[in-house]
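So you can see what is in the structure, the chains are spelled out below.
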Amino acid sequence: MPRYHLNLFNSADTYDEDGRDFEDLAAAKEEAIRSSRDLMAEHVKAGEPIDLGHRIEVADDAGKVLATIDFRELITITNSKAAAA
């Protein structure tokens, strides 16, 4: 099973030194998306701003970046009142 590293780039960049085994790249990307949404939810619950410039990079065991999960791509904000006006 391949090993992937989910490196978080936010106000304190965190490199996943150990990595985790995932079935494939798609499974690693799903975990990166879930983790990104969890981090954003924590900020919302704490009343803190979400920086849409943050991201998680999925890298292989050699350090090659295979996918980038940008926070801005995972959130949609609508205003139904503005649309009705």
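Refer to the structure presented above.
These numbers come from a predicted model, not from an experiment. (Residues numbered from 1 in each chain as written. Predicted model: local features only at pLDDT ≥ 70, side-chain atom pairs only at ≥ 80, totals over all residues. Heavy atoms only, no water.)

Visitor: Just checking my understanding: could you explain the overall build of the chain for this structure?
Guide: What the chain contains, in helices and strands, is two helices and four strands. The order of helices and strands in the chain, counted from the N terminus, is β-β-α-β-β-α. Taking 12 Å as the expected radius of gyration for a compact globule of 85 residues, we find that the chain reaches 15 Å, considerably beyond that expectation. Judged by the C-alpha coordinates and their principal axes, the chain covers about 50 × 25 × 20 Å. Every one of the 85 residues in the chain was classed for burial, and the buried ones make up 27%. (Helix = DSSP H or I, 4+ residues; strand = E, 2+ residues; numbered from the N terminus. Rg over C-alpha atoms; globule rule 2.2 N^0.38 Å. Buried < 20%, exposed > 50% of the residue type's maximum accessible area, 1.4 Å probe, protein only.)

Visitor: Looking at this structure, I do not really get the environment of H5. What am I missing?
Guide: Mapped onto the fold, H5 is located in strand β1 (residues 3-9). Overall, H5 belongs to the buried group, its relative accessible area being 8%. Considering only alpha carbons, one finds H5 and I56, 51 residues apart in sequence, at a separation of 9.6 Å. Here H5 is in contact with D16, E17, D18, G19, E57, V58, A59, D60 and D61, once residues within four sequence places are set aside. (Contact = heavy atoms within 4.5 Å.)

Visitor: Can you walk me through the sheet that holds strand β2 (residues 20-21) in this structure?
Guide: Ordered by their spatial adjacency, four strands build an open sheet running β2-β1-β3-β4, and the pairing between neighbours is antiparallel. What marks the edges here is a single partner per strand, and that holds for β2 and β4 (65-70). In this structure, strand β3 (residues 55-60) lies alongside β4, joined through five bridges in antiparallel fashion. Of the residues in β4, the one forming a bridge with R55 is D70. Against the sheet, helix α1 (residues 25-45) contacts β1, β2, β3 and β4, and its axis sits at roughly 155 degrees relative to β3. (Pairing = 2+ DSSP bridges. Axes fitted to C-alpha atoms, helices over the stretch in contact; angles between N-to-C directions.)

Visitor: I'm lost on α1 in this one. Help?
Guide: Working note: α-helix, 3.6 residues per turn, so residues spaced by three or four point in the same direction. For α1, spanning 21 residues, the distance from its first C-alpha to its last is 30 Å, which sits close to the expected 30 Å at 1.5 Å a residue. Among the residues of α1, those classed as buried are A28, E31, A32, S35, S36 and M40. Where the residues of α1 are buried, they touch β1, β2, β3 and β4. Of the residues flanking the start of α1, the one acting as N-cap is D24, its side-chain oxygen 3.3 Å from the backbone nitrogen of A26. In the stretch just after α1, G47 is the one whose phi turns positive, near 75 degrees. (Expected span 1.5 Å × (residues − 1). Polar contact = N/O pair within 3.5 Å; in protein donor to acceptor, adjacent residues only side chain to side chain.)

Visitor: What's the story with the packing of aromatic side chains in this structure? I'm lost.
Guide: Pairs of aromatic rings are described using the distance from one ring centre to the other and the angle between the two planes. Summed over all chains, the structure comprises two aromatic pairs. When the centroid spacing of 5.4 Å and the interplanar angle of 90 degrees are considered together, the rings of F9 and Y15 count as edge-to-face. Residue classification places Y15 among the partly exposed positions, given a relative accessible area of 49%. If you follow R55 out to its NZ or CZ, it ends over the ring of F9, 4.2 Å from the centre. (Phe/Tyr/Trp six-rings, centres within 6.5 Å; stacked < 30°, edge-to-face > 60°. Lys NZ or Arg CZ within 6 Å of the ring centre and 35° of its normal.)

Bear in mind that shape data such as this cannot, by itself, settle questions of function.
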